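Observations on the three-dimensional arrangement
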Amino acid sequence: MLLPFLPFEAHETPISFGNRLSAFHARSPLISVAKDFGIDPLDMVWNKPEALERLAEVSGVSAEILRQNAPIALGEREYDLRGETVSAEFLSSPKIVYCPACLHEDDQRGERCAHWSWALAVMRTCPVHEIALQRNVTRAWNDRLQSLDHLVPERGEALQIIVASAPRRVPSPLQDYVLHRLEGREGPEWLDAQSLEQAVRATELLGVLLEFGAEQNLPALASDDWDRAGRTGYAFTARGEAGIREALQQQFDRFSTSKGTPGARKIFGCFYKALAYSKSLKEPGDIARILREFIWDRIAMPADTKVLGKKLLERRLHTVASLALETDHDPRRLHSMLVGQNIIPEDAASHFAIPVEIGRAVAARVKRIVKITKLPDALNCTRPMVDQLCAERLLRPIYYGTPGINGKLQKGVDGDEVVDLTDALSAKATLSGDVSGLVTIAKAAEKAKIPGVCVVQLILAGCLQSVARIGGVPGIGGLRVCPSEVKAVAAATLLGMTATETFAALKLTRDAGWELVDRYPEEVSLTPQKIAGVSSAFTITRFLPETVSAFDARFTTLARAAEKHGPGVKELKVSLKKVGVKPVLPWREVGADIYKVSDIAKCLPS
């Protein structure tokens, strides 16, 4: 061991210490006296264990301490750094990295030290002086063995000029994370579950995608660009999978209105390619799974499509075109049906993704559609009765096709619903034998002074005992009921108003009215009164007068307000716009603009 003993600085590299040791004892650089110490210079460059062991023997410093501050070569382009396996790309070599402010302070003290953390590519800011680190290109093969006195000849005022011109910034949170992890501290759960290099690479690549776009050429990025990317990416990767998915969604949304069919490579560009084709990072880590699942959940593709090395086992999404091809439908009619069912917007891009189960269910319904004009024959009833059944949601209209001359879409209902309705009514027709005194549903409704659909509801709810079917007469027209029973049960059971009466009183369309019912119990909604059936799962939906009055007192439509207060709808709308009043619930959500009554009052004469 050489004496006197030269202390090892906790932050310096073995090569830096070797140069200080050589200068201290031999007044020569390490490259000149390494062999005199019994150390092969190239072994020192690669921090080989035998070189560090010999340096430890000569200096009296523990070999374990020396190993802590050096990336130890494990094989071709692979290193062990404080228990973390990293590749050559993770390190800053062959660049010479330093902080000019740190060197200036070292010069005041008398000796320069190279910090071990400067060997990390992610280390771009001095945590002490909060300035950007300098990166110089090596000039000779042996520069890695040279001292910083040789590699950075500037001193005094020249060094201060470099300090003054260096960008000022706090260290990036990604840089802090890496240093803390190498010091043995715990960090965000998802990042800690990856290898150190996977964590850094995923964070920086995600940041590049968000900051510079999908078409960015990665090799063209400067050190400051990577620093910026790391800061942006860390805000998402530190929150784990949820944060990463949020970032991916931001990027995905940029292509939501693009023409054509942008694929994963187009949308995620450099991010996707780096994960798919990286030569230096054979296993990119969990980030690949997250991106792959995100793509499968957002982009329509057939089964067996390979994404980032894995095949999609079964299709998850369809476009209108692929769904039409699979189900042998006309794409235009299918598109209209999907729009009518509020599954896709009317102006949806061609690549708009539809969940497979929903798309196939709609396609199946298209084949089962019974036009409204055909329902009187299918149900053996009048057209007014058909309208009532649809208005009270015993049948749900389906809108499809292109608008006709009156601007309205065609309407139909699912054939299965028609069958279910007629079967349910037949199941309640249990009376046999003498049917004298029984009348048609239309006649009973007339005598009870209620809509015919209300009689149908009472039958389905099991509220009527005397229900019979005339042999050979199908549908609603074949049913017979007791008029006196209908009148008595209706008076006792049917509290409040029908949906048709309620929506008309509030100046709401049928569709808008039911949308408000479906929103219950949200603030802007209509509260239904559900009347339970007798030995039946069917419930009758009614609306109590006080509920309707309460809604009318708080909320209104322009048509309702114009009816109450005089100005026409157009004039009222203009006045509201002038005072900055907007609907509390817009048309796009329920099919009508719903305003607060208190807001309407702002533009009415006092």
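A short tour of the structure in this document, coming up. (Residues numbered from 1 in each chain as written. Predicted model: local features only at pLDDT ≥ 70, side-chain atom pairs only at ≥ 80, totals over all residues. Heavy atoms only, no water.)

The linkage connecting L3 with the following residue, P4, adopts the cis geometry, with an omega of 0 degrees. With respect to the helices and strands, P4 occurs in the segment before α1 (14-26). With an omega of 15 degrees, the peptide bond running from Y520 to P521 counts as cis. We note that N47 has phi near 55 degrees; this positive angle belongs to a residue other than glycine. Looking at the element boundaries, N47 is found in the loop between α3 (41-45) and α4 (49-59). A positive phi angle, close to 60 degrees, is found at R77, a residue other than glycine. Topologically, R77 is positioned in the loop between β1 (72-75) and β2 (78-81). In this structure R77 comes out as partly exposed when scored by relative accessible area, which is 47%. (Helix = DSSP H or I, 4+ residues; strand = E, 2+ residues; numbered from the N terminus. Buried < 20%, exposed > 50% of the residue type's maximum accessible area, 1.4 Å probe, protein only.)

A few words now on the packing of helix α20 (residues 383-391) against helix α23 (residues 452-460). The packing of two helices is summarised by the inter-axis angle and the distance between the axes. For the pair α20 and α23, the least separation of the axes is 9 Å and the interaxial angle reads 60 degrees. On the basis of the axis angle, α20 is oblique to α23. Crossing angle aside, the handedness with which α20 passes α23 is right-handed. The segment α20 lies against α23, with M385, Q388 and L389 engaging G452, V453 and V456. In terms of residue class, the contact of α20 with α23 is made up of four nonpolar, two polar and no charged. (Axes fitted to C-alpha atoms, helices over the stretch in contact; angles between N-to-C directions. Parallel < 35°, antiparallel > 145°, perpendicular 65-115°, else oblique. Left-handed = near helix turned anticlockwise from the far one by under 90°. Contact = heavy atoms within 4.5 Å. Nonpolar A, V, L, I, M, F, W, Y, C, P; charged D, E, K, R; others polar.)

Next up on the list: the pattern of salt bridges. Within this structure, the stated rule accounts for 43 salt bridges. In this structure, R20 and E111 form a salt bridge, with 3.1 Å as the shortest nitrogen-oxygen distance. Taken as a pair, R20 in helix α1 and E111 in the loop between α6 (100-109) and β5 (134-136) lie far apart in primary sequence, 91 residues in all. Taking relative accessible area as the criterion, R20 reaches 6% and is therefore assigned buried. Exposure remark for E111: the relative accessible area of 30% places this residue in the partly exposed category. The partner of E523 in a salt bridge is R554, and the shortest N-O contact between them spans 2.8 Å. With E523 in the loop between α26 (510-518) and β15 (529-532) and R554 in helix α27 (residues 545-554), the pair connects residues that are 31 residues apart, well separated along the chain. Beyond isolated ion pairs, a larger network of salt bridges with shared partners links K507, D552, R560, E563 and K564. (Salt bridge = Lys/Arg side-chain N within 4 Å of Asp/Glu carboxyl O.)

As a further point, take the sheet that holds β2. Taking strand neighbours across the sheet as the criterion, the three strands line up as β1-β2-β3 in an open arrangement whose pairing is antiparallel. With one partner strand each, in any of the chains shown, β1 and β3 (84-87) form the two edges of the open sheet. When the angles between neighbouring strand axes are averaged without regard to direction, this sheet yields 40 degrees. Two strands pair when backbone bridges link them, and β2 and β3 are joined in this way by four bridges, in the antiparallel orientation. Residue pairing across strands places D80 opposite T85, the latter belonging to β3. (Pairing = 2+ DSSP bridges.)

Checked against the element boundaries, S16 lands in helix α1. The residues contacting S16, other than those within four sequence positions of it, are R112, C113 and A114.

Core analysis: the largest hydrophobic core is formed by 77 residues, its most contacted members being W118, L120, F268 and F271. Residues in contact with F271, not counting those within four places in the same chain, are A202, L205, L206, L209, L248, I287 and L291. If you look at the next biggest cluster of nonpolar residues, it comprises 42 residues, including C390, L395, V453 and V455. (Core = buried A, V, L, I, M, F, W, Y, C linked by side-chain atoms within 4.5 Å.)

Another aspect to go through is the environment of A461. Residue position: A461 is located in the loop between α23 and β13 (467-469). The buried category is assigned to A461, whose relative accessible area is 0%. Residues in contact with A461, not counting those within four places in the same chain, are G533, V534, S536, F538 and I540.

Another point: the environment of P41. Inspection of the secondary structure puts P41 in helix α3. The buried category is assigned to P41, whose relative accessible area is 12%. Between the alpha carbons of P41 and A51 there is a distance of 8.5 Å; along the sequence they are 10 residues apart.

Turning our attention to the packing of aromatic side chains. In this description, a pair of aromatic rings is defined by centroid distance and the angle of the planes. One pass over the full model with this rule turns up eight aromatic pairs. Each ring, one from F268 and one from F294, has its centre 6.0 Å from the other, and the planes form 80 degrees; the classification is edge-to-face. Of the two residues, F268 is situated in helix α14 (residues 264-277) and F294 in helix α15 (residues 286-298); the sequence distance between them amounts to 26 residues. F294 matches F268 in its accessibility class, with the two residues each being buried. Look at F503 and W514: their rings are 5.7 Å apart centre to centre, the planes differ by 80 degrees, and that puts the pair in the edge-to-face class. Note that F503 is positioned in helix α25 (residues 499-505) and W514 in helix α26, a separation of 11 residues in sequence. Residues F503 and W514 agree in their burial class; the two are buried. Directly above the aromatic system of W116 lies the positively charged group of R82, at a separation of 4.0 Å from the ring centroid. (Phe/Tyr/Trp six-rings, centres within 6.5 Å; stacked < 30°, edge-to-face > 60°. Lys NZ or Arg CZ within 6 Å of the ring centre and 35° of its normal.)

Don't take any of this as a statement about function, it's just geometry.
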